[in-house]
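This is what each chain is made of:
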Amino acid sequence: MALIEVKVPDIGDFKDVAVIEVFVKSGDTIKVEQSLVTVESDKASMEIPSSHAGVLKELKVKLGDKINIGDLLAILDGVELAVAAAPVASAQAASAAPATASTVSAIAPATSSATAVSTSTSASTSAGVVALASGSAIAAPAHAPGGTTVGLPHASPSVRKFARELGVPLEEVKGTGNKERITQEDVQTFTKSVMSGATFTKAQNAKGGSGGDGAALGLIPWPKVDFAKFGPVERKEMGRIKKISGANLLRNAIMIPAVTNHDDADITDLEAFRVSTNKENEKSGIKVTMLAFLIKACVAALKKYPEFNSSLDGDALVYKNYWHIAFAADTPNGLMVPVIKDCDKKGVLQISQEMSELAKKARDGKLGPAEMTGATFTISSLGGIGGKYFTPIINAPEVAILGVCKSTMEPVWDGKAFQPRLMLPLSLTWDHRVIDGAAAARFNAYLGQILSDFRRVLL
Ligand code: CAO
């Protein structure tokens, strides 16, 4: 071990530049090319890396100091095995692996002159798109709270500065640039995601989890309970999809004045038709599902009552002349909501086939963004599982959602006698800003008529 002086290398035209960020402190183990400080001129900022590895004995500069080429930056207790380090002035440089050692007995000046970075790379986020309890998809935030952030996150000085200005915790942003370097776009995506409520920072989570602390709503704080006091517990981080869909559900539940109408539809004949169709089509491999009939029936009802196929845009209603129906799919990762496009133009067989493909993709986590966006109305079917009625939460910016439960044989009075009929429980949740109770009752009644006599779809 020897004491090594780390000096400011050739930093090009940078003269009397101020230290605006210090990344290390005495006692830290420093790697070759690890950034020690950031300096900033009136035009750009730049990280100054260490030319040597070792333990930092003393940092010779502090925030605000003005430095120049050749100034003493730090004293390391280290190994004199290093290559000269160039100031990090490109988006890629900082994430380079430690230099392979070549014997340098003195601190060599930087070999490259610096070109300051004023913008980051613009690698677009490839974090993927996940579904919510929403027909719309949300770009997954470039966010990895709880992820390992050993050392400093890789980002260029300009990106660090940008993040500082916005108050973004850079260590929680997942980089999509070269070698996971954080780009300006990553910071922007993260910020948007936090603003939309899709992502919570560690600080927000500490305040009360994804439910927030309710302070913004003027609510009393979320109860903080030490559950372990009452019995054994196990804490498990929620998955990314659950976190994102949870935030969206919360927003939709709070912001939409939602009402749910429950009704029953007589699907005795339709179910008989479905069963016989499946028998006839056994060889085709396509199984017609009740949900496919429901989708078709909903399109007819949405056409008759177009406000159910609209969205609020400020004080205006946007009526959509396309009928893209989303369906909730239960997957091991959480709720996904794939969208079947142009259901008005497709037959029940095609819808059944697409649904089965999309449901499989959802379960395999292979849905693409286009398969989760653009829905105008959503159906959530628990029919294969059970239950009677429930109150689904609307997938903003849609204005209504249909929940369906398990059909059961029930005695239905036909005016003369009770008849055994297969009844399907329907639960329609609607946005009261757009839809009135009477319209919702009519929608359900019309849906019931179609389902009890599917020929009406043709009318
Ligand atoms: N009443 C009675 N039986 C029904 C039914 C209904 N309403 N709907 C479906 N079934 C039957 C099917 O006919 C099938 O029976 P067979 O195997 O004997 O033919 C069985 O239930 C299983 O159906 P399924 O649920 O696998 O298929 P599906 O087409 O009805 O639904 C899908 C597909 C993707 C919607 C479903 O698998 C799923 O994920 N449902 C959960 C959705 C959900 O979680 N919603 C809640 C959102 S809010 O948290």
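What counts, and where the lines are drawn
Residues numbered from 1 in each chain as written. Predicted model: local features only at pLDDT ≥ 70, side-chain atom pairs only at ≥ 80, totals over all residues. Heavy atoms only, no water. Core = buried A, V, L, I, M, F, W, Y, C linked by side-chain atoms within 4.5 Å. Buried < 20%, exposed > 50% of the residue type's maximum accessible area, 1.4 Å probe, protein only. Helix = DSSP H or I, 4+ residues; strand = E, 2+ residues; numbered from the N terminus. Contact = heavy atoms within 4.5 Å. Near = heavy atom within 4 Å. Polar contact = N/O pair within 3.5 Å; in protein donor to acceptor, adjacent residues only side chain to side chain. Nonpolar A, V, L, I, M, F, W, Y, C, P; charged D, E, K, R; others polar. Axes fitted to C-alpha atoms, helices over the stretch in contact; angles between N-to-C directions. Parallel < 35°, antiparallel > 145°, perpendicular 65-115°, else oblique. Left-handed = near helix turned anticlockwise from the far one by under 90°. Phe/Tyr/Trp six-rings, centres within 6.5 Å; stacked < 30°, edge-to-face > 60°. pLDDT = per-residue confidence, 0-100.

Q: What should I look at first to understand the nonpolar core in this one?
A: Across soluble globular proteins, nonpolar side chains have a tendency to be buried as a group. In this structure, Leu294, Phe308, Phe377, Ile379, Leu402 and Leu451 are the most contacted members of the largest nonpolar core, which totals 55 residues. For this core, the elements supplying multiple residues, two or more each, are α6 (290-304), β14 (325-327), α7 (348-363), β18 (377-381), β19 (400-404), β21 (418-431) and α8 (437-452). When residues of this core are assigned to their parent elements, the largest contribution, 12 residues, is made by α6. Excluding residues within four positions of it along the chain, Leu451 makes contact with Ala265, Asp266, Ile267, Leu270, Leu294, Ala297, Leu424 and Leu426. Core analysis: the second largest hydrophobic core is formed by 22 residues, Val39, Leu59, Leu73 and Leu76 among them.

Q: Is there a simple way to explain the site of the ligand in this structure?
A: Lining the immediate surroundings of the ligand are 20 residues, of which Lys287, Asp330, Arg363, Ser380 and Ser407 lie closest. One nitrogen or oxygen atom from the main chain of Ser381 is found 3.1 Å from a nitrogen atom belonging to the ligand. Ser407 is positioned such that a nitrogen or oxygen atom in its backbone is 2.8 Å from a nitrogen atom of the ligand. When residues of the shell around the ligand are traced back to their parent elements, those giving at least two are β15 (329-331), α7 and β18. Grouping the amino acids of the shell around the ligand by side-chain chemistry returns 9 nonpolar, 6 polar and 5 charged.

Q: What is the right way to read the packing of helix α1 (residues 157-166) against helix α2 (residues 184-195) from this model?
A: Think of two packed helices as two axes; the pair is described by the angle between the axes and how far apart they sit. Interaxial distance between α1 and α2 falls to 9 Å at its minimum, and their mutual angle equals 20°. In terms of their interaxial angle, α1 and α2 are classed as roughly parallel. The handedness of the crossing between α1 and α2 comes out as right-handed. Only Gln184, Val187, Gln188 and Thr191 of α2 make contact with α1, whose side of the interface consists of Val159, Phe162, Ala163 and Leu166. Of the residues that constitute the contact of α1 with α2, the class distribution is 5 nonpolar, 3 polar and no charged.

Q: Mind showing me how you'd approach the packing of aromatic side chains here?
A: A complete count under the given rule lists 8 aromatic pairs for this structure. Ring geometry for Phe293 versus Phe454: centroids 5.2 Å apart, planes at 90°, classification edge-to-face. Here Phe293, found in helix α6, pairs with Phe454, found in the segment after α8; they are 161 residues apart in sequence, far enough to count as distant. On the basis of relative accessible area, Phe293 is assigned to the buried category, the value being 3%.

Q: When you look at the confidence of the model for the protein chain in this model, what are you seeing that I'm missing?
A: In regions of low pLDDT, the predicted coordinates are not meant to be interpreted in detail. When pLDDT is averaged along the protein chain, the result is 81; 80% of the residues meet or exceed 70. The low-confidence segment residues 82-150 (pLDDT under 50) makes 198 contacts with residues lying over four places distant or belonging to another chain.

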